[in-house]
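Descriptive structure summary
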There are 2 protein chains.
Amino acid sequence: MELDETDRTILRILQSDARTPFSEIAREIDMSSATVHDRVGRMEDAGVIEGYHAKIDPRAVGLGTSALVGLRIEQGRETDALERLREIDGVQEIHLTTGEWDVVLRLYAEDTDGLRELMFDEISRIEGFSRSQTMVILATDLEAPALPI
Amino acid sequence: MELDETDRTILRILQSDARTPFSEIAREIDMSSATVHDRVGRMEDAGVIEGYHAKIDPRAVGLGTSALVGLRIEQGRETDALERLREIDGVQEIHLTTGEWDVVLRLYAEDTDGLRELMFDEISRIEGFSRSQTMVILATDLEAPALPI
DNA sequence: GTTGAAAAAATATTGAG
DNA sequence: CTCAATATTTTTTCAAC
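To start, this report covers the structure provided alongside it. Note that the coordinates shown come from a computational prediction; the quantities given were computed from them, not determined experimentally.

1. Topic: the protein's contact with DNA strand D
Near DNA strand D you find Pro21, Phe22, Ser23, Ala34 and His37 of chain A together with Met31, Ser32, Ala34, Thr35, Asp38, Arg39 and Arg42 of chain B, and these make up its full shell. For DNA strand D, the backbone portion of the atoms within 4 Å of the protein, that is sugar and phosphate, comes to 79%. In this structure, Ser32 of chain B approaches DNA strand D through a main-chain N or O atom, which is 2.8 Å from a phosphate oxygen. Thr35 of chain B places a side-chain nitrogen or oxygen 2.6 Å from a phosphate oxygen of DNA strand D.

2. Notes on the interface of chain B and chain A
Residue-level contacts link 62 residues of chain B with 62 residues of chain A. Connecting chain B to chain A are six salt bridges. Notably, a salt bridge pairs Glu93 of chain A with Arg106 of chain B, separated by 3.8 Å at the nearest N-O pair. Viewed at the interface, chain A and chain B are joined by 37 residue pairs in polar contact (both at pLDDT 80 or more). For the side of chain B that touches chain A, the elements supplying multiple residues, two or more each, are helix 1 (5–16), strand 1 (49–56), helix 4 (78–86), strand 3 (91–97), strand 4 (103–109) and strand 5 (129–143) of chain B. With 11 residues, the top contributor of residues to the side of chain B that touches chain A is strand 5 of chain B. Taken together, the residues of the side of chain B that touches chain A break down into 34 nonpolar, 14 polar and 14 charged. Pairing of strand 1 (residues 49–56) of chain A with strand 1 of chain B, which is carried by seven bridges, proceeds in the antiparallel orientation.

3. Comments concerning empty space enclosed by the protein
Overall, the coordinates contain one cavity of 30 Å³ or more when judged by the stated rule. A volume near 70 Å³ is recorded for the largest cavity. Lining the largest cavity are Leu68, Glu93, His95, Val104, Leu105 and Arg106 of chain A together with Leu68, Glu93, His95 and Arg106 of chain B. Elements with a contribution of two residues or more to the lining of the largest cavity: strand 3 (91–97) and strand 4 (103–109) of chain A together with strand 3 of chain B. Top element by residues in the lining of the largest cavity is strand 4 of chain A. It accounts for three residues. Looking at side-chain class alone, the lining of the largest cavity contains four nonpolar, two polar and four charged residues.

4. Comments concerning the pairing of strand 3 of chain A
All names here are of chain A. Within strand 3, six of the seven residues are buried, leaving the element largely enclosed by the surrounding structure. In terms of strand pairing, strand 3 meets strand 4 through five bridges, oriented antiparallel. When the bridges of strand 4 are listed, His95 appears paired with Val104. Counting the residues that bridge the hairpin from strand 3 to strand 4 gives five residues, and of these Gly99 lies at a positive phi of roughly 100 degrees.

5. Overview of the protein's contact with DNA strand C
Around DNA strand C sit Met31, Ser32, Ala34, Thr35, Arg39 and Arg42 of chain A together with Pro21, Phe22, Ser23, Ala34 and His37 of chain B, and those are all the residues in its vicinity. Backbone atoms, meaning sugar and phosphate, make up 85% of the atoms of DNA strand C lying within 4 Å of the protein. Here Arg42 of chain A contributes a side-chain N or O atom positioned 3.3 Å from a phosphate oxygen of DNA strand C. One of the backbone nitrogen or oxygen atoms of Phe22 of chain B is found 2.8 Å away from a phosphate oxygen of DNA strand C. Elements with a minimum of two residues in the surface near DNA strand C: helix 3 (33–45) of chain A together with helix 2 (22–29) and helix 3 (33–45) of chain B.

How each quantity is defined
- Residues numbered from 1 in each chain as written.
- Chains lettered and ligands numbered in written order.
- Predicted model: local features only at pLDDT ≥ 70, side-chain atom pairs only at ≥ 80, totals over all residues.
- Heavy atoms only, no water.
- Near = heavy atom within 4 Å.
- Polar contact = N/O pair within 3.5 Å; in protein donor to acceptor, adjacent residues only side chain to side chain.
- Contact = heavy atoms within 4.5 Å.
- Salt bridge = Lys/Arg side-chain N within 4 Å of Asp/Glu carboxyl O.
- Helix = DSSP H or I, 4+ residues; strand = E, 2+ residues; numbered from the N terminus.
- Nonpolar A, V, L, I, M, F, W, Y, C, P; charged D, E, K, R; others polar.
- Pairing = 2+ DSSP bridges.
- 1 Å grid on protein atoms, 1.4 Å probe; cavity = no way out; pocket = protein on both sides within 12 Å on 5 of 7 lines; lining within 4 Å.
- Points joined across faces, edges and corners; volume = space filled by probe spheres on them.
- Buried < 20%, exposed > 50% of the residue type's maximum accessible area, 1.4 Å probe, protein only.

What follows is the structure, given as structure tokens:
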């Protein structure tokens, strides 16, 4: 789908606040709210807008500990291993990467003990990983909720 | 702030769809929409809900390439280096970690050339980094927009 | 594609238990 | 904290350009 500058402005606004009324967006882009409604609908249909999500403070829900985990997967076991990773509660992201690791995970847990449980009782039990490295996130300095559109 | 099971259910719903009408949430938790309104407002005020954001497909806006970058920072240069990193367009996340790297970044760029520009023209120019490793994300298998509440 | 206006639906507010 | 009722806003639809 082709996006013009108006579409991109709408995306910027909805990225920073998904609950901005269409009427307010309409004022900012100097068009009617019916147009905003139309354009947003088309971007939703086209998959440009994938969804609207509340951002929750992880600590507030008892998930104060996070980590990045690099994994090496033995050849031929990729599909199975990934499928099992996907099913684990606390595995928030799975990225396939170039470089030292084949896969990098982002984990969330209650505390370091929860992290240990995730690593030893869940992830380590999956066959196919030859090596791993855990990087505990001490602090997140920036986690921009919006892409630089 | 103390969250009861009702609050957590509301959070789960708003995480998966931030635009769910309060009336529908009310039906699901079997309370009035005024109560939902009240609880959501209190969770917003308390910072439990940090915001509502549209999730945009990065490829649709020309940001089809992403990478993780590990960095080592020379002692004493942490504050300055982080501040400059924060200002760079395309640096989406900055995590301070234990282990091999002091800092791990998540970058977004148009393509591999944009990634090179980010790395060589922006990040490498910042003083204080002694070593770095770039892991290009070939694919993202999972990127859950919701925490396991 | 866009618009204004009407209809439908949702949210914000109020007052009371 | 919760609710019902009311007031206000927003979303949605639609005929017309």
